Amino acid sequence: MIIAMHFVGFGYRASDSIVSLAIVLFIMFIGGIAWFALPTSLGFIANFLSLLLIIILTSARP
């Protein structure tokens, strides 16, 4: 993400990318903790939702 945000110059704000990167890293951190803290079925759902949210955040406006 950091390399991609450096080269894009058409209406793309780097501050939005930094916020998005921070959110993605936070989701990855919380998703890993949730996997071990929750029962298996709920952990699977939490990881699926985490991955879905990461995909939406990183591919909505590449």
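See the structure printed just above.
Nothing here was measured: the structure is a model prediction, and the numbers come from that model.

Peer 1: Would you take a moment to explain the overall build of the protein chain for this structure?
Peer 2: Along the protein chain, the regular secondary structure elements total 3 helices and 0 strands. Residues classed as buried in the protein chain amount to 21% of the 62 residues present. Within the protein chain, contacts between residues at least 6 apart in sequence are counted, and of these 43% link residues at least 24 apart. In the structure as shown, the protein chain presents an accessible area of about 4,900 Å², 79% of it carried by carbon and sulfur atoms.

Peer 1: How do you make sense of the environment of S50 when you look at a structure like this?
Peer 2: Mapping S50 onto the fold places it in helix α3 (residues 40–59). Its relative accessible area of 15% is what places S50 among the buried residues. Along the sequence, S50 and G31 sit 19 residues apart, while their C-alpha atoms lie 6.3 Å from each other. Those residues in contact with S50 that sit more than four places away from it in its chain are I27 and G31.

Reading the values: the criteria
Residues numbered from 1 in each chain as written. Predicted model: local features only at pLDDT ≥ 70, side-chain atom pairs only at ≥ 80, totals over all residues. Heavy atoms only, no water. Helix = DSSP H or I, 4+ residues; strand = E, 2+ residues; numbered from the N terminus. Buried < 20%, exposed > 50% of the residue type's maximum accessible area, 1.4 Å probe, protein only. Contact = heavy atoms within 4.5 Å. Areas by Shrake-Rupley, 256 points an atom, 1.4 Å probe, with all protein chains shown as cover.

The quantities given are spatial measurements derived from coordinates; they are silent on function.
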